[in-house]
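Listed below are the residues making up each chain.
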Amino acid sequence: SPYLEDDPPNPLSWYGYTKLEGERAVQGAGARHLIVRTAWMYGRHGANFLTKILQLALSPQIPELKVVADHFGSPTWSYRLALQLARLLDAGSEGIYHASGEGYCTWFELARHFLGRLGVDKPLQPCSSRDYPTPAARPPNSILENHRLKEEGLNLMRPWQEDVDEF
C-alpha cells in the first residue's frame, strides 16, 4: 500500500531519521510552511539511478545487469517535481504533501522500461535486495500517494512511465 501524508513515519536509517527531524523542526517553528516529500528522483543533472543504469548498460565490460526487484517506489522526474512545486507555491499551499510519479514499480521494472525505451539491448536479471547490500537500510516500500494534491485539485504528477519516456 502507498503511504499517505498523514501516515506515521518510521525511518529505518539515520538518513531517514534526520529527514524526519528536519520536518518536525520546520513544523515546530510556528511559521507557515510547506514540506514536500518525494522519492526515487532522477533528472538531467547529477547522479541518479537512470543515468547510472545507462552508464552500466553501455559498458562492454558488464555482460549482464542485476537489478533489485523487491523494492517498490514511484520514480519522480525532477522537472515534473519543479512544476509541481511551483503550482503549490502559486496556490499558497501549506503543510505536508507527497509529490512523486503516479503509480509504482521495482528498480528492475524501472531499468527495463528505461533501457527498452532507449533501445539499449542489455540482459537484465532481477535480484533480491539481499544480493545488493547497501550501507543504509532501505524500505522495501517507498510508494508515496499524492493524496493531498489530488484532493485539492493541484496534482500535476503523471504516470512514471510517461515521464521516463519524455525524459
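Please read these numbers as outputs of a predicted model, since none were measured by experiment.

The rules behind each value
Residues numbered from 1 in each chain as written. Predicted model: local features only at pLDDT ≥ 70, side-chain atom pairs only at ≥ 80, totals over all residues. Heavy atoms only, no water. Helix = DSSP H or I, 4+ residues; strand = E, 2+ residues; numbered from the N terminus. Expected span 1.5 Å × (residues − 1). Buried < 20%, exposed > 50% of the residue type's maximum accessible area, 1.4 Å probe, protein only. Arc of directions from axis to C-beta. Contact = heavy atoms within 4.5 Å. Phe/Tyr/Trp six-rings, centres within 6.5 Å; stacked < 30°, edge-to-face > 60°. Lys NZ or Arg CZ within 6 Å of the ring centre and 35° of its normal. Core = buried A, V, L, I, M, F, W, Y, C linked by side-chain atoms within 4.5 Å.

**Examining helix α3 (residues 78–91)**
Logical step 1: For α3, built from 14 residues, the straight-helix expectation of 20 Å at 1.5 Å per residue is met to within 8% by its first-to-last C-alpha distance of 20 Å.
Logical step 2: Inspection of α3 places R80, L81, Q84 and L88 among the buried residues, and these make up the whole buried set. Buried residues along α3 cover an arc of 100° about the axis, so they all sit on one side. For α3, the exposed residues lying more than 90 degrees away from the buried face are L89 and D90.
Logical step 3: Where the residues of α3 are buried, they touch β1 (34–37), β2 (41–42), β5 (76–77), β6 (95–98), α5 (147–151) and α6 (160–166).
Logical step 4: Where α3 terminates, the next one or two residues include G92, which has phi positive at roughly 70°.

**Details of the packing of aromatic side chains**
Logical step 1: This structure, assessed with the given rule, holds 8 aromatic pairs.
Logical step 2: Grouped by ring-pair contacts, the aromatic residues Y42, W77, Y79, F114 and F167 constitute a single cluster.
Logical step 3: R148 extends its terminal NZ or CZ atom over the ring of Y97, reaching a point 4.0 Å from the ring centre.

**A word on the environment of R117**
Logical step 1: Within the secondary structure, R117 is located in helix α4 (residues 107–118).
Logical step 2: Taking the relative accessible area as the measure of exposure, R117 reaches 54% and is therefore exposed.
Logical step 3: Between the alpha carbons of R117 and V164 there is a distance of 8.6 Å; along the sequence they are 47 residues apart.

**What about the nonpolar core?**
Logical step 1: Ranked by size, the top nonpolar core spans 23 residues in total, and within it L65, V67, L110, L115, L124 and V164 carry the most contacts.
Logical step 2: Mapped by element, the contributors of at least two residues to this core are α2 (49–57), β3 (65–68), α4, β8 (124–127) and α6.
Logical step 3: When residues of this core are assigned to their parent elements, the largest contribution, 6 residues, is made by α4.
Logical step 4: Each residue touching L115, except ones within four places of it in the same chain, is listed here: I53, L54, A57, L65, V120 and L124.
Logical step 5: L81, L88, Y97 and A99 belong to the second largest nonpolar core, which has 7 residues in total.

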